[in-house]
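Listed below are the residues making up each chain.
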Amino acid sequence: MIPVDIEVARFDGLAITDVPDLVKIDVEGAEYRVLAGMLPSIALWSPLPVILCEVGWGAGHPEWPQELAAFDALKALGYGTTLVNGDEVDVRDLRSTTDVLFIPGPRA
């Protein structure tokens with residue numbers, strides 16, 4: 001492997017005005033970092049988008065508490081979680097890298 005420089009930008013500074021239908025996150029264990037940058041925008045969007053997130057390593061993640069805090073923030077916005085086949089899943093039970101759908105529920 002060789003290092004590669006890439007340009008990055010903070011999500012909250014992009015001034016995106018269109019609400020997406022789907023957000024795909026596959027960032028090799030940095031899910032909570034991506035969600036931390038997106039949560040302020042997600043909280044304002046209506047309707048909420050479906051989020052397909054590859055959750056790296058499950059409970060073996062070196063920063064699992066931070067991952068769970070980000071997932072809890074989505075739950076507080078009304079998101080439920082399923083596997084891509086539609087089976088319900090509790091992210092706290094994940095033990096390996098798993099694709100999880102965060103599905104928005106009705107807003108109060």
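For clarity, every value in this text was computed on a predicted model and none was experimentally measured. (Residues numbered from 1 in each chain as written. Predicted model: local features only at pLDDT ≥ 70, side-chain atom pairs only at ≥ 80, totals over all residues. Heavy atoms only, no water.)

> Go over the overall build of the chain with me, naming the residues and quoting the values.
Counting secondary structure elements, the chain contains two helices and four strands. Each helix (α) and strand (β) of the chain, taken in turn from the N terminus, gives the series β-α-β-α-β-β. For 108 residues, the compact-globule formula gives about 13 Å, and the C-alpha radius of gyration of the chain, at 14 Å, lands near that figure. Along the longest, intermediate and shortest principal axes, the C-alpha atoms of the chain span 45 × 35 × 25 Å. Scored against the burial criterion, the 108 residues of the chain give a buried share of 35%. Pairs at least 24 residues apart make up 70% of the contacts formed inside the chain by residues separated by at least 6 positions. Taken as a whole, the chain presents about 6,900 Å² of accessible surface, with 57% of it coming from carbon and sulfur. Of the side-chain charges in the chain, 7 are positive and 17 negative, and the distance between the mean point of each set is 7 Å. (Helix = DSSP H or I, 4+ residues; strand = E, 2+ residues; numbered from the N terminus. Rg over C-alpha atoms; globule rule 2.2 N^0.38 Å. Buried < 20%, exposed > 50% of the residue type's maximum accessible area, 1.4 Å probe, protein only. Contact = heavy atoms within 4.5 Å. Areas by Shrake-Rupley, 256 points an atom, 1.4 Å probe, with all protein chains shown as cover. Lys, Arg positive; Asp, Glu negative; His and termini not counted. Charge placed at Lys NZ, Arg CZ, Asp CG, Glu CD.)

> How would you summarise the side chain of Glu 31 if you had to cite specific residues and measurements?
By secondary structure assignment, the location of Glu 31 is in helix 1 (residues 31-44). Salt bridges are absent for the buried Glu 31, whose nearest opposite-charge side chain, Lys 24, sits at 8.7 Å. Setting aside residues no more than four positions away along its own chain, Glu 31 makes contact with Ile 25, Cys 53, Glu 54, Val 55, Gly 56, His 61 and Glu 67. (Salt bridge = Lys/Arg side-chain N within 4 Å of Asp/Glu carboxyl O.)

> Give a description of the layout of surface pockets that names residues and reports values.
The volume enclosed by the largest pocket comes to roughly 180 Å³. Together, Phe 71, Asp 72, Leu 74, Lys 75, Tyr 79, Gly 80, Thr 81, Val 89, Asp 90, Val 91, Arg 92 and Phe 102 line the largest pocket. Contributions of two or more residues to the lining of the largest pocket are made by helix 2 (64-76) and strand 3 (79-83). Examining the composition of the lining of the largest pocket, we find that four residues originate from one element, helix 2, more than from any other. Looking at the lining of the largest pocket, its residues break down into six nonpolar, two polar and four charged. (1 Å grid on protein atoms, 1.4 Å probe; cavity = no way out; pocket = protein on both sides within 12 Å on 5 of 7 lines; lining within 4 Å. Points joined across faces, edges and corners; volume = space filled by probe spheres on them. Nonpolar A, V, L, I, M, F, W, Y, C, P; charged D, E, K, R; others polar.)

> Give a detailed account of the sheet that holds strand 2 (residues 50-55), specifying residues and quantitative values.
Taking strand neighbours across the sheet as the criterion, the four strands line up as 1-2-4-3 in an open arrangement whose pairing is mixed. Looking at which strands have only one partner, the edges of the open sheet turn out to be strand 1 (22-25) and strand 3. Put simply, the sheet's adjacent strands are angled 20° from each other on average, direction ignored. Across five bridges, strand 3 lies against strand 4 (residues 98-104) in antiparallel orientation. Counterpart to Tyr 79 in the pairing with strand 4 is Pro 104. (Pairing = 2+ DSSP bridges. Axes fitted to C-alpha atoms, helices over the stretch in contact; angles between N-to-C directions.)

> Now, about the packing of aromatic side chains: what can you tell me, with residues and values included?
Evaluation of the coordinates by the stated rule reveals two aromatic pairs. Measuring from centroid to centroid gives 6.0 Å for Phe 11 and Trp 45, while their planes differ by 75°, and the two rings are edge-to-face. Within this pair, whereas Phe 11 is found in the segment before strand 1, its partner Trp 45 is found in the loop between helix 1 and strand 2, the two being separated by 34 residues in sequence. Measuring from centroid to centroid gives 5.4 Å for Phe 71 and Phe 102, while their planes differ by 35°, and the two rings are tilted. With Phe 71 in helix 2 and Phe 102 in strand 4, this residue pair connects regions lying 31 residues apart in the sequence. Accessibility assignment for this pair places Phe 71 and Phe 102 in one class, buried. (Phe/Tyr/Trp six-rings, centres within 6.5 Å; stacked < 30°, edge-to-face > 60°.)

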